[in-house]
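Coordinate analysis (summary)
Spelled out, the chains give:
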Amino acid sequence: MSSADDLAYMILDACSALNLYSTGRIREILKAQAFRFSVVDYVARREALYVYSGTDNAGTRFHEHIDWSTLFTGDDLEELTLNESESEMFVGLAAVLDDGEAMSCAVAICRGGSIATDDRKTRRIMGEYAPNVRVHTTSELIKAWSDAANVTGSKLRQVLLDVQDRGGFVPGRNDPLKTWWDECMGMQR
């Protein structure tokens, strides 16, 4: 069995980190993957800060603050700071992407890893700028977890509902697993 140090990096950008956190099962989902997961410090401290936690009778939405430090323990997830070469690459990417996405992409490119993002523009830019870097989606990571852990039926549907309700994410029509997601959401078991 390989250690976490032997695994390839997968960088979670803000949207994918929020989506996975919103499931309430982020540790399970990350452990089911063959990657060493990381979040750039800027994303953890300035962008991926809250998920929805509920609505009162007046329709006011409440938010849960995310304390990423509780997840930066063990081998589940690590916080990264850009090194010099990543900082240089970030400057170029920041001309076309938001800072968190640009930093996350720079780390994925420089460390030879992959990135998880649901942002269409980031996915397009990575395809043009660094076609050798694998880009994953929230739906791919959740499906891989559900397949590995044999999560089906109402449990899987609840996870997807949490992503929609707490993370505010629904896969777009071009998401490769949109049909799978929609079929899972239609489950009534």
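Residues numbered from 1 in each chain as written. Predicted model: local features only at pLDDT ≥ 70, side-chain atom pairs only at ≥ 80, totals over all residues. Heavy atoms only, no water.

We now examine the pattern of salt bridges. A full pass over the atoms with the stated rule returns 9 salt bridges. A salt bridge links R25 to E28, with the shortest nitrogen-to-oxygen separation between them at 3.1 Å. For E28, a relative accessible area of 36% gives the class partly exposed. Salt-bridge contacts for E78 lead to R36; the nearest nitrogen and oxygen are separated by 2.8 Å. With E78 in strand β5 (residues 78-80) and R36 in strand β2 (residues 36-40), the pair connects residues that are 42 residues apart, well separated along the chain. Relative accessible area serves as the criterion here: at 21%, E78 is assigned to the partly exposed category. (Salt bridge = Lys/Arg side-chain N within 4 Å of Asp/Glu carboxyl O. Buried < 20%, exposed > 50% of the residue type's maximum accessible area, 1.4 Å probe, protein only. Helix = DSSP H or I, 4+ residues; strand = E, 2+ residues; numbered from the N terminus.)

Turning to the packing of aromatic side chains, a few remarks are in order. A complete count under the given rule lists 4 aromatic pairs for this structure. With 6.1 Å between their ring centres and 70° between their planes, F35 and F37 make a pair best called edge-to-face. With relative accessibility at 22%, the residue F35 sits in the partly exposed group. Under the relative-accessibility criterion, F37 is labelled buried at 2%. One aromatic cluster in this structure is built from Y21, W68 and F72. Against the face of Y9 rests R111, its NZ or CZ located 5.4 Å from the ring centre. (Phe/Tyr/Trp six-rings, centres within 6.5 Å; stacked < 30°, edge-to-face > 60°. Lys NZ or Arg CZ within 6 Å of the ring centre and 35° of its normal.)

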